[in-house]
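Examining the three-dimensional arrangement
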Amino acid sequence: MQTALLPHLIWKDLRHVRVVFGLWLLLLLAQGVLIGSGFSVGPGQMLWQIAYTILAMGIPVLQGLVLVILIPLLIQDESLVGTTAFWFTRPISRGTVLAAKVLFIVGLLVIPPLVVELLVFLANGIQTRDIVRALPQVLYTSLSLIVPIAALSTLTRSFARFAIWLVSVWVAVMAFGFVVQFERMIFSMETFMTDSQNTSLLFSRSIAAGLCGIVGGALVIGNQYLTRRMRTSFVILIVTVASSICVQMLWNYDFLKHPESAANTSTFRTDSVSVALNPKSVFANDALQFSPMSDPRTSISARFKFSAVPHGYQLEIADVQSELTFADGAKLPSGKVTALPGLPNQWWASALSEAIDGVPVLNGDPDFGEVFGQVFSLDTSIFQERKSESATLRGTLSLKAKYLTVVGRLPLRSGARMVDGSRHVEIATVVKQTTGCRLILRERKLNLWSTSTFSQFNPLAGDGGVYLLVNRARNQAILPDQNFNFDMASTLLQATAMLVNRSIVLDFSGSRRDKEIVSVDADWLAGAELVRVQAESAGTLKRELTADNFVLSPKK
Amino acid sequence: MSSAISTSQLTRHFGHFCAVDGLNLSVERGMFYGFLGPNGAGKSTTIKMLTGLLAPTSGSMHIMGTDVSDPARSIEVKRRIGVVPENLALFDNLTANEYLTFIGRMYGMDRATLSARREELLTIMDLNETGRKLTMEFSHGMRKKLALAGALIADPDVLFLDEPFEGVDALAARVLRDTLQSCVARGATIFLTSHVLEIVEKLCTHVGIISKGRVVFEASMEVIRRTGSLEDQFIRAVGGDGAVVQKLSWLDG
């Protein structure tokens, strides 16, 4: 390789794409300022919300579009297709041209976003540990866009042809993906439903498919520059697209999943934990049926009551495997039960209370301490036959244990702040009302793959945590109301930015189901503080469940 | 001393079509060689193979005694040649000054030599007034002159010119012609393709005529002049002398 030529080739390329590159750099800086400034819009400021949403969504989209123009300009300035490229007749080796293009892309299109994100992280007090976890994600995001565009550019002579190819490949991938997803919905609905609730598995699949695209794209680029064998390059391209689609559909290794270990019995005594099923709560309903070809199924759900769960801990059901034994000796194993892993708005009042030094949570749901979930699945025809028969239900429950811990306390005034790792929370506004108060929080946190959840708008369904108002003098605590404040800007930002500034609206009326439990007046608020309680994993355990005289459809 | 350019059984197929069919050429050093032929005869394909733009299907080619198709030595060969391809291969977003500087750097020229030659070339080609104007804004003639300046800046031993006079006005053509003659006078070898027989007749010392991928005539200009005109020779060589001239009905009588 002729390393002395590299700066000149890069300079020439920079001259060639300077206008588009300048525009891309401006957009990058604008995105950095928008996110890094910590600016966020309260839910009441409609006009600002719209403007912020347009910017938050528009800038990344524009950045992507500019890259779609910039990269073909860069590559096709010395087209690898046809016989018009300048360097074919000049004393420049193939490796040198490839190195110049790679250095340009890495130095000017990959590193600047990394640097901008790094500065944004540092300016926003993100911990080093989280920065180390975030930077590979930024790198992956850049490469998963740049490499496929560059690969397609090396296979086309002009921007028009590139655009046609880009649209064709995109349509082909989308169409194939749609067909495969549709097939899964029709023929393996249960697996589809289970998978679609598993955020980390979905992310793992996307990342694995994206990596396939990056590696395959890099091979196409390398092959085109070093050999210019179009046929081989096209074969690599087709294999790459096909394997990316297959990985996206079939990948089952969830490498982002937090490793679940058995509960540590030295801190969490599991031996006395038992589970019982409330027979009066048994409830049958028709299971969702997406395929007209499959037999109708009935889903049986019930409330599970846990006993002897140590204070401060709560349990959730990860999986149920059960079997019915009828009086005539017939045994009926359950079909696949759709577990609802980590249903996030189930907070046990007792566990919450334990976490806040025993202060009672007054407006907690009386059913806290129990978990409602599916216990059995069977063909509707069998259900109709056996629905009134008494049977014995035996099952094994896989349980996830969580302990609740206070991660931050804030005095009830505007400007109060708390820091929990890389999560920064500030009370933006306190609106005292005749009954209760409304708090608008500004929360800033990293949008990491490993901690991502689906966007939640319910304050009780936060990402593994919940906010409470605690008045220690009166020995009273209240949960916020179940209201839904849709924050479009922060929701969209979550999809496009690493650092998310979002507004959270919490209404504390002190009531439950419109019935006042405690009067949250000015005096009560004067002695209150805002507390964030976080659920941390305490490991997994299994419990056997036996329910005699179990009836699939008990008479109410 | 070996030839400046030599090919042996050089062949290029495009699918079933044979564009160049076992071409044997020998161009001695210092020659101004005109490579002629009708449209689709294989001129551009030959020049593309010789300059590394296209790989031959079979056969061999040597420039200044070095095998062009040997990837390990192709860079060495390219250091010794200058090319004005059909499409010119300029960079639209560079000025004339920047373009010549870039090419000089690609040939590893030192700063002082590059600067001196660049200024001289820009003056001779009448491009020194173009300033910050980008090559995309140049006229066709200006682009041709700049492409030739780019081919000359490294003082090559062999110059390949594919239709250098096409679309060039008389003034620009004169500049190009004079510059090329100076090059030959200094000992360079020029391999030129053109449709304009008058120019070839004026400039070239030797002529080869290709038809259907094969060399059908080769002689020095002296010999051609002795036996008639280049045009007569060309028409005879490509089989055009017996052709029935079709006339348009509304022009006939």
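Rules behind the numbers
- Residues numbered from 1 in each chain as written.
- Chains lettered and ligands numbered in written order.
- Predicted model: local features only at pLDDT ≥ 70, side-chain atom pairs only at ≥ 80, totals over all residues.
- Helix = DSSP H or I, 4+ residues; strand = E, 2+ residues; numbered from the N terminus.
- Rg over C-alpha atoms; globule rule 2.2 N^0.38 Å.
- Buried ≥ 20, exposed ≤ 12 C-beta atoms within 10 Å, placed from the backbone.
- Contact = placed C-beta atoms within 7 Å.
- Pairing = 2+ DSSP bridges.
- Nonpolar A, V, L, I, M, F, W, Y, C, P; charged D, E, K, R; others polar.
- Axes fitted to C-alpha atoms, helices over the stretch in contact; angles between N-to-C directions.
- Parallel < 35°, antiparallel > 145°, perpendicular 65-115°, else oblique.
- Left-handed = near helix turned anticlockwise from the far one by under 90°.
- pLDDT = per-residue confidence, 0-100.
- Core = buried A, V, L, I, M, F, W, Y, C linked by C-beta atoms within 7 Å.

Examining the overall build of chain B
Across its full length, chain B carries 9 helices and 10 strands. Radius of gyration (C-alpha) of chain B: 19 Å, near the 18 Å computed for a compact globule of 253 residues. Counting across all 253 residues of chain B, residues that qualify as buried make up 43%. Nonlocal contacts in chain B, meaning residues at least 24 apart in sequence, comprise 68% of its contacts between residues at least 6 apart.

Observations regarding the overall build of chain A
Of regular secondary structure, chain A possesses 13 helices and 15 strands. Burial status across chain A gives 35% buried among its 556 residues.

Notes on the pairing of strand β3 (residues 32–36) of chain B
It is a general feature of regular strands that their side chains alternate between the two faces of the sheet. Residues and elements named next belong to chain B. With 5 of its 5 residues buried, β3 lies for the most part within the structure. Burial along β3 is two-sided: F32, G34 and L36 and Y33 and F35, pointing in opposite directions, are all buried. Alignment of β3 against strand β8 (residues 189–193), held across 4 bridges, turns out to be parallel. Counterpart to F32 in the pairing with β8 is I190.

Remarks on the interface of chain B and chain A
Taken together, the contacts link 20 residues of chain B with 15 residues of chain A. Looking at the side of chain B that touches chain A, the elements that each hand over two or more residues are α2 (71–78) and α3 (96–106) of chain B. The leading source of residues in the side of chain B that touches chain A is α3 of chain B, at 4 residues. For the side of chain B that touches chain A, the per-class residue count stands at 11 nonpolar, 4 polar and 5 charged.

What to know about the packing of helix α2 (residues 18–36) of chain A against helix α4 (residues 94–123) of chain A
Residues and elements named next belong to chain A. Packing of α2 against α4 brings their axes to within 9 Å, and their N-to-C directions diverge by 20°. Considered as vectors, α2 and α4 are oriented roughly parallel to each other. Considering how the two elements wind past one another, α2 and α4 form a crossing that is right-handed. Contacts from F21, L25, L28, L29, G32, I35 and G36 of α2 reach α4 at L108, P112, P113, V116, L119, V120 and A123. Among the residues making up the contact of α2 with α4, the classes are represented as 12 nonpolar, 2 polar and no charged.

Concerning the environment of M249 of chain A
All names here are of chain A. Note that M249 resides in helix α9 (residues 230–250). Take M249: there are 16 C-beta atoms within 10 Å of it, and that puts it in the partly exposed class. Here the alpha-carbon distance between M249 and I59, two residues 190 residues apart in the chain, equals 30 Å.

Looking at the confidence of the model for chain A
Considering every residue of chain A, the mean pLDDT works out to 83; 87% of them sit at 70 or more. Every residue in residues 453–459 of chain A scores below 50 in pLDDT, and together they form 19 contacts with partners more than four places removed in sequence or on other chains.

Description of the sheet that holds strand β8 (residues 423–432) of chain A
Residue and element names in this part refer to chain A. Sheet architecture is open: 4 strands sit in the order β7-β8-β9-β12, paired in antiparallel fashion. Only two strands of the sheet have a single partner each, and these edge strands are β7 (417–420) and β12 (499–508). For this sheet the average axis-to-axis angle between neighbouring strands, irrespective of direction, equals 20°. Of the pairings in the sheet, the one linking β8 to strand β9 (residues 437–446) comprises 8 bridges and is antiparallel in character. Along β9, the bridge assignment pairs T429 with I440.

Observations concerning the nonpolar core
Within the largest apolar cluster, 108 residues are counted, with the highest numbers of intra-cluster contacts made by A150 of chain A together with Y33, I63, V158, F160, I190 and F191 of chain B. In terms of residue count, the dominant contributor to this core is helix α5 (residues 128–154) of chain A (7 residues). Excluding residues within four positions of it along the chain, Y33 of chain B makes contact with V27, I190, F191, L192, C204, H206 and G208 of chain B.

Quick notes on the confidence of the model for chain B
When pLDDT is low, close inspection of the predicted coordinates is not appropriate. Per-residue pLDDT for chain B averages 87, and the proportion of residues at 70 or more is 96%. In the model output, the complex is listed with pTM 0.81 alongside ipTM 0.86.

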